[in-house]
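Secondary and tertiary structure notes
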Amino acid sequence: MISAALVGYGYWGKIIRKYIEQSECFILKLIYSPNITENGIFQSNIDGILTDNSIEAVFVCTPLDTHYSLCKMILESGKHVFCEKPTVRTFQEFLQLEELAKIKHRCFFTDYVYTASPSINLLKHIVRDVGNLQYVECQILQFGKFYNDADVFETIGIHMLSVLVYCFNQYEIETISFNENMSGNSCVDGIIKVSYKDAFEANIHCSLVSPIKERMILIVGDSGSIVFDMCDNISVRMNLYKKTDVGYELKNKKEWRFDEQNNLANIIIMFYNSLQSNNKENVNLSRTVQQLLSGRFNRNDVR
């Protein structure tokens, strides 16, 4: 098992702690939080983690604006990093940390937990069965949580954006726009529009003011369609059809049920495997997501 530390002990840090401690890959030695009195496993000074040579990996669960400086210090100290999404605020910051990780021969991993979903991994492999893609519609809705340093796109929309990057990496993204439906200090409801060159368009409706919780993806092709619904007992449904004179005829129908309650455990295993094998899939995905989120592809903030 690999000795690890946790930086940040707020809402999400407490959840991550449980999964680290349940993991067969990591043993949690220290937790840093400036708001907790130093006692036992808790440290009030991050230097206790940075200078402890027995700690090989650090989980960062702090506000977004602190990610860059913390990840930089941790990588410089020669430790692997597991960082909550989004990784950092800007694309340039990400590239600097990625380069530092290369120099230090450390793993720089971002918690895009939906890529560990068994349903999403099935979707990635069966999407070719529905023929030429026509369009993709995503919904990620809930009430709260609200953060001073992150809008709805960074808080939950990024989950679906990471799914698009993960599942459709064979297509070239032509444009992306972030349209704000409700904004004040930060946007709480909006739409991400992604246009793929010579192919299809994908829309992500993300909301922090919805009365219902929803995690859904509809993929429509010219010979079939797929629905992913994380909140349903049947998490993936696929219809295959063929065109007729009056419409379409159903050829085949499939359904899959997956446990979507342990994706945090799955992503921690993925982190462990990445640092053991030097696999670059996560950092490559994270770089693309960061680039899109930072507006490198013609970002348009509307109203």
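See above for the structure.
Residues numbered from 1 in each chain as written. Predicted model: local features only at pLDDT ≥ 70, side-chain atom pairs only at ≥ 80, totals over all residues. Heavy atoms only, no water.

Comments concerning the overall build of the protein
- Tallying secondary structure elements over the protein gives eight helices and 15 strands in all.
- What you see for the protein is a C-alpha radius of gyration of 20 Å, in line with the 19 Å of a compact globule of 303 residues.
- Dimensions along the principal axes, computed over C-alpha positions, put the protein at roughly 70 × 45 × 40 Å.
- Classification of the 303 residues of the protein by burial places 52% in the buried group.
- In the protein, of all internal contacts separated by at least 6 residues, the share reaching a separation of at least 24 is 66%.
- On the protein, roughly 14,300 Å² of surface is accessible, and the fraction owed to carbon and sulfur atoms is 46%. (Helix = DSSP H or I, 4+ residues; strand = E, 2+ residues; numbered from the N terminus. Rg over C-alpha atoms; globule rule 2.2 N^0.38 Å. Buried < 20%, exposed > 50% of the residue type's maximum accessible area, 1.4 Å probe, protein only. Contact = heavy atoms within 4.5 Å. Areas by Shrake-Rupley, 256 points an atom, 1.4 Å probe, with all protein chains shown as cover.)

Here's the deal with helix H3 (residues 67-76)
- Listed in full, the buried residues belonging to H3 are His67, Leu70, Cys71, Ile74 and Leu75. Viewed along the axis of H3, the buried residues span an arc of 125°, placing them on a single side of the element.
- Contacts made by the buried residues of H3 are with strand E1 (2-7), helix H2 (47-50), strand E4 (57-60), strand E5 (80-84), helix H4 (91-104) and strand E6 (108-111).
- Of the residues flanking the end of H3, it is Gly78, one or two places downstream, whose phi is positive at about 85°. (Arc of directions from axis to C-beta.)

Considering the pairing of E5
- Burial analysis of E5 places five of its five residues in the buried class, the great majority of the element.
- Neither face of E5 is open: one carries His80, Phe82 and Glu84, the other Val81 and Cys83, and all of them are buried.
- Where E4 lies against E5, four bridges are found, and the strand directions are parallel. What sits directly across from Val60, in E5, is Cys83.
- In this fold, E4 hands off to H3, which returns the chain to E5; that crossover is right-handed.
- With four bridges connecting them, E5 and E6 associate as parallel partners. (Pairing = 2+ DSSP bridges. Right-handed = clockwise from strand over helix to strand, strands pointing away.)

A word on the pattern of salt bridges
- Scanning the model with the defined rule gives seven salt bridges in all.
- Ionic pairing is found between Arg17 and Glu21, a salt bridge with its closest N-O pair at 3.0 Å. Placement of both Arg17 and Glu21 in helix H1 (residues 11-22) is noted, with a separation of four residues, approximately one turn of the helix.
- Linking Lys72 and Glu76 is a salt bridge whose minimum nitrogen-to-oxygen distance equals 2.8 Å. Of this pair, Lys72 and Glu76 are both found in helix H3, four residues apart, which corresponds to roughly one turn of the helix. (Salt bridge = Lys/Arg side-chain N within 4 Å of Asp/Glu carboxyl O.)

Topic: the side chain of Asn282
- Along the polypeptide, Asn282 turns up in helix H8 (residues 281-293).
- Residue classification places Asn282 among the buried residues on the basis of a relative accessible area of 8%.
- At 2.9 Å, the side chain of Asn282 forms a polar contact with the backbone nitrogen of Thr110.
- Discounting chain neighbours no more than four positions away, the residues touching Asn282 are Phe108, Phe109 and Thr110. (Polar contact = N/O pair within 3.5 Å; in protein donor to acceptor, adjacent residues only side chain to side chain.)

Observations concerning the packing of H4 against H8
- Contact pair H4 / H8: the axes reach a minimum separation of 9 Å and the direction vectors enclose 160°. Between H4 and H8, the angle is such that the two are roughly antiparallel. The two elements H4 and H8 meet at a crossing, and its hand is left-handed. Facing Phe91, Phe94, Leu95 and Glu98 of H4, the residues of H8 in contact are Val283, Ser286, Arg287, Gln290 and Gln291.
- Residues of the contact of H4 with H8, tallied by class, amount to four nonpolar, three polar and two charged. (Axes fitted to C-alpha atoms, helices over the stretch in contact; angles between N-to-C directions. Parallel < 35°, antiparallel > 145°, perpendicular 65-115°, else oblique. Left-handed = near helix turned anticlockwise from the far one by under 90°. Nonpolar A, V, L, I, M, F, W, Y, C, P; charged D, E, K, R; others polar.)

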